[in-house]
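Examining the three-dimensional arrangement
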2 protein chains.
Amino acid sequence: MTEAGKPGFSDCNNATLRRAARSLGRFYDDALAPSGLKSTQFGLLFQIHISDEPAMGTIAEALIMDLSALGHTLKPLIRDGYLETFPDKDDRRVKRVRLTPRGQAKLDEALKLWSVAQQQFEKKVGAEQAAKLRAALDAVADLDLEMPTAAPSN
Amino acid sequence: MTEAGKPGFSDCNNATLRRAARSLGRFYDDALAPSGLKSTQFGLLFQIHISDEPAMGTIAEALIMDLSALGHTLKPLIRDGYLETFPDKDDRRVKRVRLTPRGQAKLDEALKLWSVAQQQFEKKVGAEQAAKLRAALDAVADLDLEMPTAAPSN
DNA sequence: CGCCAAAAGTGGCATATGCCACTAATTTAG
DNA sequence: CTAAATTAGTGGCATATGCCACTTTTGGCG
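Thresholds, definitions, all that
- Residues numbered from 1 in each chain as written.
- Chains lettered and ligands numbered in written order.
- Predicted model: local features only at pLDDT ≥ 70, side-chain atom pairs only at ≥ 80, totals over all residues.
- Heavy atoms only, no water.
- 1 Å grid on protein atoms, 1.4 Å probe; cavity = no way out; pocket = protein on both sides within 12 Å on 5 of 7 lines; lining within 4 Å.
- Points joined across faces, edges and corners; volume = space filled by probe spheres on them.
- Helix = DSSP H or I, 4+ residues; strand = E, 2+ residues; numbered from the N terminus.
- Nonpolar A, V, L, I, M, F, W, Y, C, P; charged D, E, K, R; others polar.
- Near = heavy atom within 4 Å.
- Polar contact = N/O pair within 3.5 Å; in protein donor to acceptor, adjacent residues only side chain to side chain.
- Salt bridge = Lys/Arg side-chain N within 4 Å of Asp/Glu carboxyl O.
- Buried < 20%, exposed > 50% of the residue type's maximum accessible area, 1.4 Å probe, protein only.
- Least-squares fit on C-alpha atoms with pLDDT ≥ 70 in both.
- Contact = heavy atoms within 4.5 Å.
- Buried area = accessible area lost by both parts, 1.4 Å probe.

**A few points about the layout of surface pockets**
In this structure, the largest pocket occupies an estimated 900 Å³ of space. Lining the largest pocket are 39 residues, and of these R18, A21 and R22 of chain A together with R18 and A21 of chain B sit closest to its centre. When residues of the lining of the largest pocket are traced back to their parent elements, those giving at least two are α1 (13–32) and α2 (39–49) of chain A together with α1 (13–32) and α2 (39–49) of chain B. Considering each element in turn, the lining of the largest pocket owes the most residues, 9 residues, to α1 of chain A. Its residues assigned to classes, the lining of the largest pocket shows 13 nonpolar, 16 polar and 10 charged.

Now the structure itself:
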């Protein structure tokens, strides 16, 4: 398109994605509110739950998030006693994370709330559609995107 | 679930969406870095650019973001002289926003960087596919999701 | 063994977002 | 017209995320 109309928002894939994330995030956050957890925290607890005492770097990689950002995000959950860390036996640089009993209980509680939201969402868009969307999003997330001219010192 | 195992991450539509957003956000952020703008700021400037001196509430609604969050996000852009606000003539409660010449120039500069990233992305996933994904995301963002029993005291 | 490069986190700083309580300006009752 | 209800923002507080500079450990190597 040599010019012409703006589509309302923008054709920016990133902007569209963020907008949807804000919208959906609010919905899941509302659903989880009774548990006191944010949807991001729930996701983090869940990821740790399905992993085996993962190292911080492992979690960050799985969630495609910055290691330091993960560290910051972990703090309130540790402070509230849902998670605890301990050093890896073979490599003292590595810090592993696990759910405390309290964290496990909180996760169980949150899971019930989460599934209501999840089902509500899937009922609206259809389970098939939702699965396809997730697949598409995972594909996007795992794309190996790279800038062509990755900033030559020039 | 009739069968076991964790799907890798989670079936949570929200978690998947956020993960993709972090991933893609990083890509666009890297592309925009030379301009000094974050992809979120770029999106905000663009939204204001295609609107006609929009009121803050209007912008927040279009981007589906909290009004106060918008206010916070606007600050660094105003501080850096890219945007300016002014009261609506008929309703003094309303604060309208517009790009300054400097902001317009910065947006133009960023647009060039953005389109490289955008094209790179579309080359990877295909323009068709990208358009479909954006449509799906917009549909999700505009869903009228509501909790069934909004938390009965159980 | 001692030195250096790579790996894993931490802390500081800045932006992104949300919620809530509060203020100012308008609109709507009465 | 005046008081109650509503609307538009603001400011404070808390979490979400990233980047960068450092510190601590490791793992190689000569």
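**A few points about the protein's contact with DNA strand C**
Residues in close proximity to DNA strand C total 29 residues, the closest being G57 and K95 of chain A together with T40, S68 and R79 of chain B. The protein-proximal atoms of DNA strand C, defined as those within 4 Å of the protein, are 65% sugar or phosphate. Measuring from a sugar or linking oxygen of DNA strand C, one finds a side-chain N or O atom of R93 of chain B at 3.3 Å. Secondary-structure elements contributing two or more residues to the surface near DNA strand C are α1, α3 (56–62) and α4 (67–79) of chain A together with α2 and α4 (67–79) of chain B. Sort the elements by how many residues they give to the surface near DNA strand C and α4 of chain B lands first, with 6 residues. Each residue belonging to the surface near DNA strand C can be placed in one class, and the counts come to 8 nonpolar, 8 polar and 13 charged.

**Examining the protein's contact with DNA strand D**
Contacts to DNA strand D come from 28 residues, most closely from T40, S68 and R92 of chain A together with G57 and K95 of chain B. For DNA strand D, the backbone makes up 68% of the atoms found within 4 Å of the protein, where backbone means sugar plus phosphate. Interatomic distance of 2.5 Å between a side-chain N/O atom of T40 of chain A and a phosphate oxygen of DNA strand D. Interatomic distance of 2.3 Å between a side-chain N/O atom of S68 of chain A and a base nitrogen of DNA strand D. Residue assignment for the surface near DNA strand D shows that the elements contributing at least two residues are α2 and α4 of chain A together with α1, α3 (56–62) and α4 of chain B. No other element matches α4 of chain A, which puts 6 residues into the surface near DNA strand D. The class makeup of the residues in the surface near DNA strand D is 8 nonpolar, 8 polar and 12 charged.

**A few points about the pattern of salt bridges**
Pairing between side chains of opposite charge can happen when their charged atoms approach one another. All names here are of chain B. By the definition in use, this model includes 18 salt bridges over all chains. For the salt bridge of R98 with E53, the shortest nitrogen-to-oxygen distance reads 3.1 Å. Of this pair, R98 sits in strand β2 (residues 95–99) while E53 sits in the loop between α2 and α3; the two residues are 45 residues apart in sequence, bridging distant segments of the chain. By relative accessible area, which is 28% here, R98 ends up partly exposed.

**Comments concerning the relation of the copies chain A and chain B**
Once turned by 180° and shifted 0.0 Å along the axis, chain A lies on chain B with an RMSD of 0.0 Å. Here the two chains are linked by the operation of a two-fold rotation axis. The share of interface residues of chain A whose copies in chain B are also at the interface is 98%, consistent with both copies meeting through the same surface.

**Quick notes on α2 of chain A**
Taking burial as the measure, the 11 residues of α2 of chain A include 9 buried ones, the bulk of the element. Along α2 of chain A, the residues classified as buried are S39, Q41, F42, G43, L44, L45, F46, Q47 and I48 of chain A.

**Topic: the environment of G71 of chain B**
Residue and element names in this part refer to chain B. In this structure, G71 sits in helix α4. Since its relative accessible area comes to 18%, G71 is described here as buried. In sequence terms G71 and G57 are 14 residues apart; their C-alpha atoms lie 9.6 Å from each other.

**What to know about the interface of chain A and chain B**
Each partner contributes residues to the interface: chain A has 55 residues there, and chain B has 55 residues. Taken together, both faces of the contact between chain A and chain B bury some 5,300 Å²; the carbon and sulfur share is 69%. The largest per-residue losses of area from chain A upon contact with chain B belong to N13, R19 and L145 of chain A, which jointly make up 12% of the total buried on that side. If you look at where chain A meets chain B, you find 4 salt bridges. Note that D142 of chain A is salt-bridged to R19 of chain B, the shortest N-O span being 3.1 Å. Run the count over chain A and chain B and you get 28 residue pairs in polar contact (both at pLDDT 80 or more). Within the residue set of the side of chain A that touches chain B, elements represented by two or more residues are α1, α2, α5 (101–125) and α6 (127–141) of chain A. No other element matches the 15 residues that α1 of chain A contributes to the side of chain A that touches chain B. In terms of residue class, the side of chain A that touches chain B is made up of 31 nonpolar, 12 polar and 12 charged.

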